[in-house]
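# Understanding the architecture of this molecule
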Amino acid sequence: DPVSSFILVWCVPNLCYEVHDTPQPTFLNRILFRRLKNIVVTNAIKKQQLIDQLGVPEERMCVAHHGVDYKEFATEYSKSEARQKLGFLSENNYVVYTGHLFDWKGVYTLARSVRYLPENVHVVVVGGTPEDIIRFNEFIAREDLKRINVVGLKPHSEMPLYLAMADVLVLPTSGQYSIGKFESSPLKLLEYMAAKRPVVASDLPAVREIITEKEVVFVAADNARMLADALTKTIQDDTSLQIKSAFARVEAQTWESRTSLILKFIETK
């Protein structure tokens, strides 16, 4: 929070500020970032924005992508076991999305993609605030979309089961919003990769910074038909090499390794 940090920075010489949303070049922020010696950013795009917009010296910043407790999501449940526990039919194919239902998350494009998916493919959406769930369900009814299961907000402890039931996991982030295109560092993507299931993700700079085609299938953002085609093809293809590469990547991208990176950055200043 820039306001509280603006107060603290005059009292704490080595204050460390972590940037999630890129600060606007306001008078307060210009003073704050001029005084901050330790700045952590969650992707390199935000680092460049701070250099360009606020003149922050590069040596004051550390890029630390988010981490994951990969062991929590690397469940040994098979698809059929997970579906049985959650009450889903084993004979269907399932595309699973977990997370909020904000517009920039791309969930409305995901919903529209059902029109172009095979009849045996169902979409399962886990998460959302009560208000957003109502709005999303109204959209589904208005558009007469079928085979979408909106299960609502669930305990985090159940997320490994929902990921395990999937034939493919989807990150349909919209490219029409700066937060999704440049500022996000999606936690769910790392959780998907840890779950050892194939992943289809929007082809956006913030996502590209974390992974490559070796780990996921990229698709153009905000295009329901292309998303459906990518999901269908991913269900049909052998994605074992991508799954293996994705899991190897998250094994090294833990919260502990992130903490060590930040502490080393602070201690060497």
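In case you missed it, the structure is sitting above this.
Residues numbered from 1 in each chain as written. Predicted model: local features only at pLDDT ≥ 70, side-chain atom pairs only at ≥ 80, totals over all residues. Heavy atoms only, no water.

### Considering the side chain of S113
Secondary-structure assignment places S113 in helix α6 (residues 107-113). Contact partners of S113, with chain neighbours within four places excluded, come to A224, L227, A228 and L231. (Helix = DSSP H or I, 4+ residues; strand = E, 2+ residues; numbered from the N terminus. Contact = heavy atoms within 4.5 Å.)

### Description of the environment of E191
Summarising the element assignment, E191 is placed in helix α10 (residues 187-194). Along the primary structure E191 and F247 are separated by 56 residues, whereas in three dimensions their C-alpha atoms are 9.7 Å apart. With near-sequence residues (within four places) excluded, E191 lies in contact with V68, F73, H156 and L163.

### Some thoughts on empty space enclosed by the protein
Tallied over the entire structure, the rule returns one cavity of 30 Å³ or more. Counted as a void, the largest cavity has a volume near 30 Å³. Here the lining of the largest cavity is composed, by residue class, of five nonpolar, three polar and one charged. (1 Å grid on protein atoms, 1.4 Å probe; cavity = no way out; pocket = protein on both sides within 12 Å on 5 of 7 lines; lining within 4 Å. Points joined across faces, edges and corners; volume = space filled by probe spheres on them. Nonpolar A, V, L, I, M, F, W, Y, C, P; charged D, E, K, R; others polar.)

### Here's the deal with the sheet that holds strand β2 (residues 38-41)
Pairing is parallel across the open sheet formed by three strands, whose spatial order is β1-β2-β3. Of all the strands in the sheet, just β1 (16-19) and β3 (61-63) have a single pairing partner and so form its edges. Looking at each pair of strands side by side, their axes are set apart by 25 degrees on average, direction ignored. Taken together, the four bridges between β1 and β2 define a ladder with parallel strand orientation. Within the sheet, the bridge partner assigned to C16 lies in β2 and is N38. (Pairing = 2+ DSSP bridges. Axes fitted to C-alpha atoms, helices over the stretch in contact; angles between N-to-C directions.)

Purely spatial values, then, with no claim about function.
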